[in-house]
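# Reading the structure
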Amino acid sequence: SLEDLYNGNTLEAKITRRVVCRGCSKRSRQNTPKCKACNRCPDEVKMVQRRMGNMIMNQQVAVKSKHKCKQEETILEITVERGMSDGAVIKFPRMSEQTPGMIPGDVVFIVKEKPHKQFQRRGNDLEMTMKITLQEALLGFRRVVKHLDEHEFVVTNKNGISKPNQQIRIKGEGMPVHNFPSQRGDLTVILHIVFPRSLSESQKEALHSIL
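In what follows, the accompanying structure is described. Here the structure is a predicted model, which is why all the values come from computation and not from measurement. Each chain has its residues counted from 1, following the order in which its sequence is written. Thresholds applied to this predicted model are a pLDDT of at least 70 for local features of residues and 80 or more for the giving and counting of side-chain atom pairs; totals over whole chains, interfaces and linings are not thresholded and use all residues. Think of the side-chain values as coming from all heavy atoms in the structure, minus any hydrogens and water.

### Considering the overall build of the protein chain
The test is simple: Labels follow the DSSP assignment, with helices taken as runs of H or I lasting at least four residues and strands as runs of E lasting at least two, numbered in each case from the N terminus. Atoms counted for the radius of gyration: C-alpha only. Globule rule: 2.2 Å times the number of residues to the power 0.38. For the exposure calls, accessible area comes from a 1.4 Å probe over protein chains only, and a residue counts as buried if that area is under 20% of its type's maximum, exposed if over 50%, partly exposed in between. Pairs of residues are marked as contacts when any of their non-hydrogen atoms sit within 4.5 Å. In short, Shrake-Rupley with a 1.4 Å probe defines the accessible areas, and a residue's cover is counted only from the protein chains shown. Residues scored as positive are Lys and Arg, those scored as negative are Asp and Glu, and His as well as the terminal groups of each chain are ignored. Just so you know, the charge point we use is NZ for Lys, CZ for Arg, CG for Asp and CD for Glu.
Looking only at helices and strands, the protein chain has four helices and 15 strands in total. Whereas a compact globule of 211 residues would reach a radius of gyration of roughly 17 Å, the protein chain reaches 32 Å, over 25% beyond that. Counting the 211 residues in the protein chain, one finds 32% classified as buried. Pairs at least 24 apart in sequence give 56% of the contacts found in the protein chain among residues at least 6 apart. Surface accessibility of the protein chain: about 14800 Å² in total, with carbon and sulfur atoms responsible for 49%. Positive and negative side-chain charges of the protein chain, numbering 36 and 23 respectively, have mean locations separated by a distance of 13 Å.

### Looking at the state of the cysteines
Selection criterion: Sulfur atoms of two cysteines make up a disulfide when they are within 2.5 Å.
Per the stated rule, a full pass over the model turns up one disulfide. Here C41 pairs with C69 through a disulfide, and the sulfurs are 1.9 Å apart. Classification of the bridge connecting C41 and C69 rests on its S-S torsion, roughly 100°, and on that basis the disulfide is right-handed. Here the residue C41 occupies a position in the loop between β2 (39-40) and β3 (44-52), and C69 occupies one in strand β5 (residues 68-80), the gap between them amounting to 28 residues. Residue classification places C41 among the buried residues on the basis of a relative accessible area of 2%. Classification of C69 by relative accessible area gives buried; the value is 4%.

### Details of the pattern of salt bridges
Quick note on the threshold: By convention in these notes, a salt bridge is any Lys or Arg side-chain nitrogen within 4 Å of a carboxyl oxygen on Asp or Glu.
Here the structure, examined in full by the defined rule, presents 11 salt bridges. As a salt-bridge pair, R143 and E136 come within 3.0 Å of each other at their nearest N and O atoms. The residue E150 makes a salt bridge to K146 at a minimum N-O spacing of 3.6 Å. The network of salt bridges with common partners includes D125, R169, K171 and D186.

### Regarding the nonpolar core
Inclusion rule: Here, the term nonpolar core denotes a set of buried Ala, Val, Leu, Ile, Met, Phe, Trp, Tyr and Cys residues that are joined through side-chain atoms within 4.5 Å.
Judged by nonpolar contacts, the single largest core of 32 residues is most densely connected at F119, M128, M130, F153, V155, L187 and V189. Setting aside its immediate chain neighbours within four residues, L187 contacts F119, L126, E127, M128, F153, I168, R169, I170, E173 and G174.

### Brief notes about the environment of P93
Take P93: it is sitting in the loop between β6 (89-92) and β7 (107-110). A relative accessible area of 57% places P93 in the exposed class. As a C-alpha pair, P93 and G160 span 67 residues in sequence and 57 Å in three-dimensional space. Not counting residues within four places of it along the chain, the set of residues in contact with P93 comprises G105 and D106.

### Concerning the sheet that holds β5
Selection criterion: The criterion for strand pairing is that DSSP finds at least two bridges linking the strands in question.
As summarised here, the arrangement of the three strands in space is β1-β5-β2, forming an open sheet in which the pairing is antiparallel. The sheet is open, and its two borders are formed by β1 (9-21) and β2, each paired with just one other strand. By the bridge criterion, two bridges tie β2 to β5 in an arrangement that is antiparallel. For R40, the partnering residue across the bridge sits in β5 and is K68.

Printed below as a string of structure tokens:
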């Protein structure tokens, strides 16, 4: 969520991966309940020497593994850092599936940002739309808004008439900058004026006299 990327968070992910069962390598243990769920590991790749004419060449060949493997559930704690962007990569080195004689690969998580009902992210900046009445557009307004970490900030325009789609920029109320969380982007508030659907005759006369 955008809250996770704004505040930082630790999430858990459960994966199932193949691991080499070291205990089952001994014959005395292969019939124990712990090892009954184990199967033969995938073929191993080994280097052998073969003669080709007057030359001896090294060649990789697949051989049956003597080891046992099993499926194991692992819970990984994913640290979402403040200010991370959509598409950011979080790696767990050597936590992928195991094969005897080979270094395991990495488990890679890619951050996908969920849409937020109030704020839209633009890099390190945030953007939001605020609806105001015609009266507020003409006479000024002051609104208190809750941010993604529950702190409050003020959006106001007391000194002039607000125009449709007018933008109010608030410094330092955007996203934390990744790796520099003390720095923040800005927040842009786009004003949407809600006009009345109808006017009474007295309201029309009052507006005529004023305007």
